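Structural overview
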Amino acid sequence: MIREYLQFLWRSFRVSFVGDWRYHLWMLVLTVIALLGLNAYCRQFVDGLITTGMTDQISWGLYIANFTYLVGVAAAAVMLVIPVYVYRNRELHDLVIFGELLAVAAIIMCLLFVTVDLGRPDRFHHLLLRFNFPISMLTWDVLVLNGYLALNLHICGYLIYCRYRGKHPSRLFYIPFVFIAIVWAVSIHTVTAFLLVGLGGRPFWNQAIIAPRFIASAFAAGPAIIILTLQAIGRFSSYEVARPALMTLRQIVLVALTINMFLLISELFTEFYTDSAHAASARYLFFGLHGHHALVPWIWTAIAFNSIALVLLYLPASRGLKILDLACVLLIIGIWIEKGMGLIVPAFIPSPLGEIVEYAPTVNEVLVCLGIWAFGALIYTIFVRVTIPVLSGRLRADQPIDDILYEFSQPDRAKELARGDLA
Amino acid sequence: MQLPVLDNSRFGGGRGEFQQRRDRPEVSRRRFLRTGLAAGSGLAALAAAASPLSRLAGVDHDVFANFFQKHYKAMSRAEIDSALERIRRDVGRRYGVAATVQDVRPLDGVEFVYALNLSRCNGNRRCVHACVKENNQSRSPEMQYIRVIEMPKGTLDVEQGNHHFDSEAVPDQEHYYLPVQCHQCANPPCVKVCPVEATWQEPDGITVIDYDWCIGCRYCEAACPYWARRFNFSDPVIPSDELNPDMSYLSNRPRSKGVMEKCTFCLHRTRQGRLPACLEACPTGARKFGNVLDPDSEVSQILRTKRIFVLKQEVGTLPRFFYYFDERYPRSGEADTADDSHDKSVKHGGTS
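Just so it is clear, the structure is predicted and the values come from calculations on it, not from any experiment.

All right, on to the overall build of chain A then. If you tally the helices and strands in chain A, you get 16 helices and zero strands. Seen along its three principal axes, the alpha-carbon backbone of chain A occupies a region of about 75 × 50 × 40 Å. The 423 residues of chain A split such that 48% are buried.

Following this line, the structure appears as structure tokens:
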């Protein structure tokens, strides 16, 4: 039993190292970026967070911004799960696993982003010894994120491993967890929003609309990422992605982005029509304050991208993949800016004492972020690399893996041979 | 930096070669060598990426004791004593200074409050620098717990203030000066948010940090409405001859990089009957400090008789730091007891 499982891990390991030149190039590039990120982080670890652009005035920056964004991506995996298990939409069935694997990769990236943000990561174990639960929202976040990681690892791991052994998965072992994961997905993003919303000293965050907006924007950006990922999987592997699945996702993105824009308008109206002192951060973000306007170009780019994406998605032409992909890319970037430069940073400007200090990330900080993104892409590629032959029944416990290794190392020749054999 | 070498002969050649490779022993040996080479280069690249770690200072002999040191509140008397001894040793090693490191406990029946007379403060910033010296803050970059804001007369909106005024002489007739430091709130948002309970409110109302427990997430810094907390973005730099050797565990002992710190009302002084360093340095008499539970204390009298206010009352933090202006004309016909609610604890009496 355990031997069989270890053999599965060993085979997964071998499979993930075999591929044609495109695969090797992709993995090499990701590895190099991840190592550059590790190098930058080691520098930060030795010298302290002085290597970042953060200050006492702006004490959270790019790390927390990426963390917030990726929590949304992870939560959005559930948008594939709901149609399958609640509405029994069969088209998405296999795709659920790719969505949940994306959630796993995203949560791992989240945990890395939180870790690199810590001043004393060597004291991480203090969390286990004195855990300020339920008072501190950060402890809630630790629980829900790790819980979500465990849930998704269990669901994907169980389904994939059953398929590998050629057994039928027992519903009892995964269906209840699927439903827990659906609720849990909403909770991870809600808790992350509450982390910011609960701070009375930061009026920009201290608004009830933040949590619903988080969910809406995540459910737009997350499925958009999945749309692009699935097409990449379809192009670079033997896996065929059904077009109706992409169209279902398009619907989800469309609705979520519409709600997100509506909530944004509600927020802007409240801030600017009232025009109280509480709107200082919003004024800084959208128009600049006392001659400082570093974030103004960012937020208008985000709003432009999101608006164009919304219009594109409402056009029938977005049923074509080119327009759909363009809309997805625009809104992924738009929402990333909205969460980072548009939500985390402006809450610190002006400072609670009215001082305006602007924030610009350093090269080292950007390298750490890129490194984590590359690492996330790396593990996701490996997950998918192993999952596809398992789902198609080619990688099985009772068969040697030489055929898979050959097919992976020479995909074109393998295809020719397959055709030749048929003829 | 070295990068992993990837095996690229694997995707040249025809199918025959693939078959042969599996059969011929010398090919599999070559493959083994190639795998080894790739793994070796990968490890070398990893080592190169991690190379900045070699700049970490050598392991000192207290590293394990420090790692396993418990939370301040969980330590026994003996454990605290050995922690104090370790701190003393560390100060000796790093600065060559023989320090006294105490664990000064709060006194019964004492709740400290601060009162600041804005009519007197003239913006000379002596308090700021006395605080830096007293509390062993980093000098490079200099960290300050007190921020004095130059405010235009006629407003309390800090956004209109100037944090970096650099006048030839103070006070300037157009402005008044608003010093802000930790308000030692009775309902502190910073304490609520800490995930590891590294910061808490002591019975005498002072919010402290266990610098050896803080993980450096800076959530408290985001939560504080008075911008009273500071983070050590790098290792603090203090010249040995400027180090204040009179230290305590919860206040002015040297901090490490990556942890938070803040004003503690100089608890190593005030819990032993002395006044805070900022007050002692103030040449104008604007600063008043004392026990609010003692009805005869100066601060109790100020809270009773002056028209006091707190900053950002709407955020509900119940500060123990009060501001007031001298009244130009005495109020006639008003009894001293009009504001009687203030001679109780801040916690119970509130600020209104």
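Time to look at the overall build of chain B. Scanning chain B from N- to C-terminus turns up 11 helices and 12 strands. Within chain B, the fraction of its 352 residues that count as buried is 39%. A separation of at least 24 residues holds for 67% of the contacts in chain B among residues at least 6 apart in sequence.

Listed per partner, the contact involves 57 residues of chain B and 52 residues of chain A. Residue assignment for the side of chain B that touches chain A shows that the elements contributing at least two residues are helix H1 (15-23), helix H2 (25-49), strand S3 (147-152), helix H6 (189-193), helix H7 (219-223) and strand S7 (229-231) of chain B. The element contributing the most residues to the side of chain B that touches chain A is H7(B), with four residues. By residue class, the composition of the side of chain B that touches chain A is 35 nonpolar, nine polar and 13 charged.

We now examine helix H11 (residues 280-287) of chain A. Residue and element names in this part refer to chain A. By the criterion of burial, H11 is predominantly enclosed, with six of the eight residues buried. Where H11 is concerned, the buried positions are Ala280, Ser281, Ala282, Tyr284, Leu285 and Phe286. Positive backbone phi, approximately 90 degrees, marks Gly288, located one or two places after H11.

All names here are of chain A. Summarising the element assignment, Gly53 is placed in the loop between helix H2 (21-47) and helix H3 (62-76). Through-space distance from the C-alpha of Gly53 to that of Thr362 is 5.2 Å; in sequence the pair is 309 residues apart. Setting aside residues no more than four positions away along its own chain, Gly53 makes contact with Gly61, Tyr359, Ala360, Pro361, Thr362 and Glu365.

Working definition: the strands of a sheet are paired by backbone hydrogen bonds and lie parallel or antiparallel to each other. Residue and element names in this part refer to chain B. Spatial strand order, S10-S2-S12-S11: four strands in an open sheet with mixed pairing. Of all the strands in the sheet, the pair left with one neighbour each is strand S10 (287-291) and strand S11 (308-309). Sheet analysis places strand S2 (residues 112-117) next to strand S12 (residues 321-324), joined by four bridges and oriented parallel. For Ala115, the partnering residue across the bridge sits in S12 and is Phe322.

It is worth spelling out the confidence of the model for chain A at this point. On average, residues of chain A score 92 in pLDDT, and 98% of them are at 70 or above. Per-element confidence in chain A is highest for helix H12 (residues 296-314) of chain A, whose mean pLDDT is 97, and lowest for helix H16 (residues 411-422) of chain A, whose mean pLDDT is 69.

So, on to the packing of helix H4 (residues 78-86) of chain A against helix H5 (residues 95-117) of chain A. Residue and element names in this part refer to chain A. Between H4 and H5, the least distance of the axes is 8 Å, while the angle of their chain directions is 150 degrees. On the basis of their axis angle, the class for H4 and H5 is roughly antiparallel. In the crossing of H4 with H5, the sense of the turn from one axis to the other is left-handed. Residue-level contacts link Leu80, Val81 and Val84 of H4 to Leu95, Val96 and Gly99 of H5. Partitioning the contact of H4 with H5 into residue classes produces five nonpolar, one polar and no charged.

Here we take up the packing of H5(A) against helix H14 (residues 363-391) of chain A. All names here are of chain A. One way to put it is that H5 packs onto H14 with a least axis distance of 9 Å and a crossing angle of 155 degrees. One finds that H5 runs roughly antiparallel with respect to H14. Here H5 runs over H14; the crossing is right-handed. Where H5 abuts H14, its residues Ile97, Phe98, Leu101, Leu102, Ala105, Ala106, Ile108, Met109, Leu112, Phe113 and Val116 lie against Val368, Ile372, Gly376, Ile379, Tyr380, Phe383, Val384 and Thr387.

Next up on the list: the confidence of the model for chain B. Residues and elements named next belong to chain B. Looking at chain B as a whole, its pLDDT mean stands at 88, while 84% of the residues score no less than 70. This model gives residues 1-21 a pLDDT under 50, and the stretch forms 34 contacts once residues within four places in sequence are excluded. Within the model, pLDDT remains below 50 along residues 335-343, and this stretch shows 14 contacts once partners closer than five positions in the same chain are excluded. With pTM at 0.91, the complex prediction returns an ipTM value of 0.93.

Attention shifts here to helix H15 (residues 402-409) of chain A. Within the sequence span of H15(A), burial applies to Ile404(A), Phe408(A) and Ser409(A). Taken down its axis, H15(A) places every buried residue within 125 degrees of arc, on the same side.

The next point concerns unusual backbone geometry. Between Phe133(A) and Pro134(A) the backbone carries a cis peptide bond, its omega angle lying at 5 degrees. Between Ser140(B) and Pro141(B) the backbone carries a cis peptide bond, its omega angle lying at 0 degrees. Tracing the chain through its elements places Pro141(B) in the loop between helix H5 (126-134) and S3. Located in the positive-phi region is Arg125(B), a residue other than glycine, with phi close to 60 degrees. Structurally, Arg125(B) can be placed in the loop between S2 and H5. For Arg125(B), a count of 18 C-beta atoms within 10 Å puts it in the partly exposed group. Residue Phe265(B) is not a glycine yet carries a positive backbone phi of 50 degrees. Among the secondary structure elements, Phe265(B) is positioned in the loop between strand S9 (260-262) and helix H8 (267-270).

Cut-off values and rules
Residues numbered from 1 in each chain as written. Chains lettered and ligands numbered in written order. Predicted model: local features only at pLDDT ≥ 70, side-chain atom pairs only at ≥ 80, totals over all residues. Helix = DSSP H or I, 4+ residues; strand = E, 2+ residues; numbered from the N terminus. Buried ≥ 20, exposed ≤ 12 C-beta atoms within 10 Å, placed from the backbone. Contact = placed C-beta atoms within 7 Å. Nonpolar A, V, L, I, M, F, W, Y, C, P; charged D, E, K, R; others polar. Pairing = 2+ DSSP bridges. pLDDT = per-residue confidence, 0-100. Axes fitted to C-alpha atoms, helices over the stretch in contact; angles between N-to-C directions. Parallel < 35°, antiparallel > 145°, perpendicular 65-115°, else oblique. Left-handed = near helix turned anticlockwise from the far one by under 90°. Arc of directions from axis to C-beta.

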